[in-house]
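As a plain string of letters, each chain reads:
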Amino acid sequence: MTDPVKTIGAILDKQSVVFISSIDENGMPNTKAMLAPRKREGIRVIYFHTNTSSMRVQQYRKNPKACLYFCDKRFFKGVMLTGTMEVLEDPASKEMLWQEGDTMYYPEGVTDPDYCVLRFTAEQGRFYSNFSSENFDIG
């Protein structure tokens, strides 16, 4: 892969669902599907929105280790990113991701205490395509 940011970024941008993993209180991985990220900075920093009251938020607060997996089932390609997840509740972060219609998830609007932003920072990556895998650096 000559340009990981371009190759991986294209896969990230085309998926409507991403699988995110956290670590529970017993040290076991927990995975769930989430809507595609709302914003990314290259392939290193990726932002999601979620409910502050969720189990996942509680897990990230105790252990920020995280994993994301994007799967392009049409071309049978996959991208795994490992790193850390931060829970952001400051007004600027919440405003940054807010979109019209989000009140269906957060009825009180952008200041809803049950609305927060997850900021994932990738440290390592692995790309699967054409029946082979390769690790890549996050730049």
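Conventions used here
- Residues numbered from 1 in each chain as written.
- Predicted model: local features only at pLDDT ≥ 70, side-chain atom pairs only at ≥ 80, totals over all residues.
- Heavy atoms only, no water.
- Helix = DSSP H or I, 4+ residues; strand = E, 2+ residues; numbered from the N terminus.
- Rg over C-alpha atoms; globule rule 2.2 N^0.38 Å.
- Buried < 20%, exposed > 50% of the residue type's maximum accessible area, 1.4 Å probe, protein only.
- Arc of directions from axis to C-beta.
- Contact = heavy atoms within 4.5 Å.
- Core = buried A, V, L, I, M, F, W, Y, C linked by side-chain atoms within 4.5 Å.
- Salt bridge = Lys/Arg side-chain N within 4 Å of Asp/Glu carboxyl O.
- Pairing = 2+ DSSP bridges.
- Disulfide = S-S within 2.5 Å.

## Things to note about the overall build of the protein
Part 1: For the protein, the helix and strand inventory stands at three helices and eight strands.
Part 2: Listing each helix as α and each strand as β along the protein from the N terminus yields α-β-β-β-β-α-β-β-α-β-β.
Part 3: In terms of overall size, the protein behaves like a compact globule, its C-alpha atoms giving a radius of gyration of 15 Å where 139 residues would be expected to give roughly 14 Å.
Part 4: Along the first, second and third principal axes, the C-alpha atoms of the protein reach 45 × 35 × 25 Å.
Part 5: Burial analysis of the protein (139 residues in total) assigns 40% to the buried set.

## Describing helix 1 (residues 4-14)
Each full turn of the α-helix corresponds to 3.6 residues, which orients residues three or four apart in the same direction.
Part 1: Among the residues making up helix 1, those that are buried are Ile8, Gly9, Ile11 and Leu12. Here the buried residues of helix 1 occupy an arc of 160° about the axis, which is enough to place them on one side. Turned more than 90 degrees away from the buried face of helix 1, the exposed residues are Lys6, Asp13 and Lys14.
Part 2: Buried positions along helix 1 lie against strand 3 (39-41), strand 4 (45-51), strand 5 (65-72), strand 6 (77-88), strand 7 (115-129) and strand 8 (132-137).

## Details of the nonpolar core
Part 1: Grouped together as the largest cluster of nonpolar side chains are 24 residues, with contacts concentrated most on Phe48, Leu68, Phe70, Val79 and Leu81.
Part 2: Of all the elements in the fold, those that place two or more residues in this core are helix 1, strand 1 (17-23), strand 4, helix 2 (55-62), strand 5, strand 6 and strand 7.
Part 3: For this core, the leading source of residues is strand 7, giving five residues.
Part 4: Contacts of Leu68, omitting those with residues within four sequence positions, involve Val18, Phe19, Ile20, Ile46, Phe48, Val79, Met80, Leu81, Met85 and Phe120.
Part 5: Ranked by size, the runner-up nonpolar core spans seven residues in total, among them Tyr47, Tyr106, Tyr115 and Val117.

## Considerations on the pattern of salt bridges
Part 1: Evaluated as defined, the whole model comprises four salt bridges.
Part 2: The salt bridge involving Arg61 is made with Glu89; its shortest N-O contact spans 2.4 Å. Residue Arg61 is located in helix 2, and its partner Glu89 is located in the loop between strand 6 and helix 3 (91-97); the two are separated by 28 residues in the primary sequence.
Part 3: When the shortest N-O distance is used, the salt bridge between Glu86 and Arg119 registers 3.0 Å. Within this pair, whereas Glu86 is found in strand 6, its partner Arg119 is found in strand 7, the two being separated by 33 residues in sequence.
Part 4: On the accessibility criterion, Glu86 (33% relative accessible area) is partly exposed.

## Looking at the pairing of strand 8
Part 1: Note that strand 7 and strand 8 share six bridges and pair antiparallel. Within the sheet, the bridge partner assigned to Tyr128 lies in strand 8 and is Ser133.
Part 2: A loop of two residues connects strand 7 with strand 8, the two strands running antiparallel in sequence, and Asn130 in this loop sits at a positive phi of about 55°.

## Considerations on the state of the cysteines
Part 1: The full count for this structure, using the stated rule, is zero disulfides.
Part 2: In this structure Cys67 is not part of a disulfide, and its nearest cysteine sulfur, from Cys71, lies 13 Å away.
Part 3: You can see Cys116 has no disulfide; the closest cysteine sulfur is in Cys67, sitting 19 Å from it.
Part 4: Look at Cys116 and you get buried, because its relative accessible area is 0%.

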